[in-house]
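Architecture and fold: a report
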Amino acid sequence: MAQPETIDERSGADGWDRLKDVVADALERPATERLRLLEDAIGDDPDLFAQAVDLIDAVGEDASMLNAQTDAFIGLSGPDTAALDGRRIGQFQLQRLLGEGAMASVYLAKQDDVGRPVALKVFRPHALGHDALLRFRREVDALGRIEHPFVARIFEANIHYDIDLPGKRGLPYIAMEYVDGLPVTHFARERKLDTEQRIRLIADIADAVHAAHQKAIVHRDLKPGNVLVADDRNYGTPKVLDFGIARVLEEVDATAAKKDRVQTLHTTTGVLLGTLGYMAPEQARGQADKIDTRADVFAIGVMLHELLTGKRPVDTDGLPLTEVLRRLSDPSIPSPDGVDGDLRTILQTALDPEPARRYPSAEALADDLRRTLRHEPITARPPTRMYLTRKFVRRNWIPVTAGAAVAVALLAGTVVSTVAFLREANARAQVEVAAQQSIQTSEFLRSMLVAADPGEMGRDVTVQEMIRAAEPRIAVEFANNPPAEATLRLALAQTYSALGYINDADAQYVRHTELLLDAYGPEDETVIAVVSEHAGMLINAGEVEKGGALLDAHADAVERLDPMSKGAIMFDESRANLLVTIGNYDDGLILYADMFERARQSDDPENFDTMANNYAIALSYAGEIEKSIEINRISVEHRRNRLGPNHPETLMAEVNYAQSIQPTDPIAASKLLSEVVPALSEQLGPLHPTSIAARRGLGELLVEAGDVPGGVAVLEELLADMINGGLSDLQMVRNSLGTALSKLERHDEALEQYRLALDAIAEELGPEHPNTLIARANYATGLGNAGQNEAAREQLKAILDIQRRTVGPDNINTLITMNNLAMIDLELGRLAEAEALLRPFIDGLVLVGAEANIPLARRNLGRVLTAAEKFADAEAELRLAFEGCQQLLGVDQQIKTAGYLVELYEKWGKPDEANMWREVQRDLG
């Protein structure tokens, strides 16, 4: 194994490791003692001494550069770990020193029982006690979860105590796979690898790093010395080493007041960790809370740059440390010399100073590298006027909102939100719009309606069946009338979309766009408007990558449109929707804010009102509730001034405003809605679709606010009015009513409503339609609430089998069903079955990018492990869950998770730990 740090990797200031150690020690001392310590340690090196003084002074001015509470693992004090040759550490006989760094030394050692060579990494003693010990254990646990042929394996980890050791302190150590190789840059140079081989090598390295990222582990110190390459194939086999400063993503700082007790549960952060020259800007700035997988993507990009050009992208050689950090914090990266085309774009994307504009994953970077080798188009493109990070979304990424249902043990309260059982009158109205375009379309539609007559087809038919029967005739009958065919295709696309048949709608949109392109060209506003509508449908249906690719295909044409044109605004709205959907709230909200201001400046007040509504919804998804309320308030005032207080659009804006304040004040929201709904019903009629939606929303809001009887009364009255009015689309109201009745423990009535909703949806859409399965899951919820767990389990098992077969095991709805079934198994004491469901469930959430739900999934697994008396495993999951809740969720979830930790420690017979977590609950509450 080559030394983990070589001369060409000590970029920036000479003696970086020595300087880092001295500064760390000095910051642990009172200010009056620091100068003397520096003089004793590095007084013989005036340049290094001056840099240390500058750096310590900078700490006092800017706490973001270094945190005085330094991490024990950068090396504070204790025995010299580089002077242990010949000693025995645990079951390992040290043979020779391979290399040393700031926090550890690495030895070649021999393992007693199997006689194999290992690389034994011996850390400096943990001067901070609990903090460092907890970090060590978690890092090792994280390392053990990584399984990949290009990641060095971990054999053992422990703490060695030996009275003969200097300092008489325990030495943490990790025994890992010994790799007889060279740093990747040395290997490429010595073996004279060509460009293709270097690209393949970096792609393999990115695969290895992605395997760690899927286990929620960030390396944070990727550099050539931590990527050794063995000479066993034509371009070498890489091994990524030293995840020793990896941060498990769920670990976060507890910074709020009154959380000192919680603070002890976290590793200290804020210290510069990593290697100069390979640090991402957010690392160089000391922004520990912003370091995620994209920091590793940046480091891989640096290594790729070095392999392709022979130098790193930011020149730091011979500069003082403070200047190095300044350059790395805000880098100006020139275009790479001698690298053109797609490779240049890949480098620019991986090395973008803004994390949001980099590849979102190492996997995406590897994929684009291999695309260049296959001469295929890459997903990354040079930045344009409205840069879209969406271009790099993984195939199975799903809308963030879809995954929110995991927050509950069962889908109680989840409403069938897709209007898959569309009102046939609305569908026919869309078709009738097309009829006005030409006599030929009118005649075609008339023939469709005749064919739908029961006397012709033998029974009542749905809109879907009517369209499917007529669709094959369109291409033949409209071969000589493309505009009329386009009109019909759009009507069919919109109808299929509303019915929930996304693949059918997609095909119709594609054909419609082809006809428009032939007639008007790619830069016509009509084309762009339809493309935006098409992409929006795909994104909202969970086909995120496909929708994003459609937007990408037309992005250049939109660049040439007037940004104030309606087509450009519609297109940007779809792009913003995409960004918010994938969880890139920062860029999505920037784009929404831009469109909001453009709409404000336009002479189209209706467009402004629409944009305000969509902007407010996006803000609420991003958790910016106060800003969402503000924008909704602006929308209400704008419509009130323009249309009057009782205009239906003003009242609808009031409904949106009530919904926006619901998370923070459900009582005020329900009160406001109680005032608006009667006025809306008076203006539009009580059975107008908008009135029905508002009345149903009022019932649900009353339930949420705690007035369950009031909510039930509203929903029962609405259902009765709809039945008396002859309406047939009762499913959503029945589902909401079933949820409310369950809360009152009127279980038989709740089950009846759930069953009636399910029967109607299944008859309309078929037994395996996604919305039918959602309705069936709601019925299973009712069974579980009624104590009929075995029956609920059978329903969920059947749903899961269908979902695995029809949409795949990694679809978000499949994953939610796995969780719900596991919670039923927990109730039934089927603990092995529950654990077997929850472990792949967590992996699936990582795969689809539903990070916000991972803490809750870990909590569920912790509960199952507690019940199974696997206490140590349960402790690990619940602590990770708690820390994940701190990072991603609210205080309520932290309190709930702390309660499960109390339960764990009580069962485990650890009263002190149970009491500590009770205090955590009290502090948070």
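No experiment lies behind these values; they were computed from the predicted model shown.

**Details of the overall build of the protein**
- Each helix and strand in the protein was counted, giving 39 helices and 11 strands.
- The buried share of the protein, taken over its 925 residues, is 55%.
- Of all intrachain contacts in the protein linking residues separated by at least 6 positions in sequence, the fraction that spans at least 24 positions is 64%.
- Split by element, the accessible area of the protein, about 38,100 Å² in all, is 48% carbon and sulfur.

**A word on the packing of aromatic side chains**
- What the rule picks out here adds up to seven aromatic pairs.
- Taking the centre distance of 5.2 Å and the plane angle of 35° together, the rings of phenylalanine 596 and phenylalanine 608 count as tilted. Of this pair, phenylalanine 596 sits in helix α23 (residues 585-601) while phenylalanine 608 sits in helix α24 (residues 605-621), and the two are 12 residues apart along the sequence.
- Look at phenylalanine 596 and you get buried, because its relative accessible area is 2%.
- Between phenylalanine 596 and tyrosine 615 the ring centres are 5.4 Å apart and the planes differ by 45°, which places this aromatic pair in the tilted class.

**Side note on the sheet that holds strand β5 (residues 154-160)**
- One open sheet holds the six strands; their spatial order is β1-β2-β3-β4-β6-β5, and the pairing between them is antiparallel. Sheet topology places β1 (88-89) and β5 at the edges, where each strand pairs with a single neighbour.
- Bridge analysis of β5 against strand β6 (residues 171-177) gives six bridges, and the strand direction is antiparallel. By the bridge assignment, alanine 157 is partnered in β6 with isoleucine 174.

**A closer look at helix α32 (residues 770-785)**
- In this model α32 runs 23 Å from its N-terminal to its C-terminal C-alpha over 16 residues, within 8% of the 22 Å that 1.5 Å per residue would give.
- For α32, the tally of buried residues reaches 12 of 16 residues, placing the bulk of the element in the interior.
- Listed as buried for α32 are Asn771, Thr772, Leu773, Ala775, Ala777, Asn778, Tyr779, Ala780, Thr781, Gly782, Leu783 and Gly784.
- Positive phi shows up at glycine 787, right after α32, with a value of about 85°.

**Considering the packing of helix α28 (residues 689-704) against helix α29 (residues 708-724)**
- Where α28 contacts α29, the axes come no closer than 6 Å and their chain directions differ by 155°. Classified by the angle their axes make, α28 and α29 are roughly antiparallel. Classified by chirality, the crossing of α29 by α28 is left-handed. Touching Ile692, Arg695, Arg696, Leu698, Gly699, Leu702 and Val703 of α28 are Val708, Gly710, Gly711, Val714, Leu715, Glu717, Leu718, Asp721 and Met722, all from α29.
- The residue inventory of the contact of α28 with α29, partitioned by class, reads nine nonpolar, three polar and four charged.

**Some points on the confidence of the model for the protein**
- Residues with a pLDDT of 70 or more make up 75% of the protein, whose mean pLDDT is 75.
- No element of the protein has a lower mean pLDDT than helix α13 (residues 400-403), which averages 24, and none a higher one than helix α5 (residues 184-190), which averages 94.
- Low confidence marks residues 1-14, where pLDDT is under 50. Its contacts with residues over four positions away, or in another chain, come to 58 contacts.
- Counting contacts from residues 382-443, a segment whose pLDDT is below 50, to residues more than four positions away or on other chains yields 176 contacts.

Conventions and cut-offs
- Residues numbered from 1 in each chain as written.
- Predicted model: local features only at pLDDT ≥ 70, side-chain atom pairs only at ≥ 80, totals over all residues.
- Heavy atoms only, no water.
- Helix = DSSP H or I, 4+ residues; strand = E, 2+ residues; numbered from the N terminus.
- Buried < 20%, exposed > 50% of the residue type's maximum accessible area, 1.4 Å probe, protein only.
- Contact = heavy atoms within 4.5 Å.
- Areas by Shrake-Rupley, 256 points an atom, 1.4 Å probe, with all protein chains shown as cover.
- Phe/Tyr/Trp six-rings, centres within 6.5 Å; stacked < 30°, edge-to-face > 60°.
- Pairing = 2+ DSSP bridges.
- Expected span 1.5 Å × (residues − 1).
- Axes fitted to C-alpha atoms, helices over the stretch in contact; angles between N-to-C directions.
- Parallel < 35°, antiparallel > 145°, perpendicular 65-115°, else oblique.
- Left-handed = near helix turned anticlockwise from the far one by under 90°.
- Nonpolar A, V, L, I, M, F, W, Y, C, P; charged D, E, K, R; others polar.
- pLDDT = per-residue confidence, 0-100.

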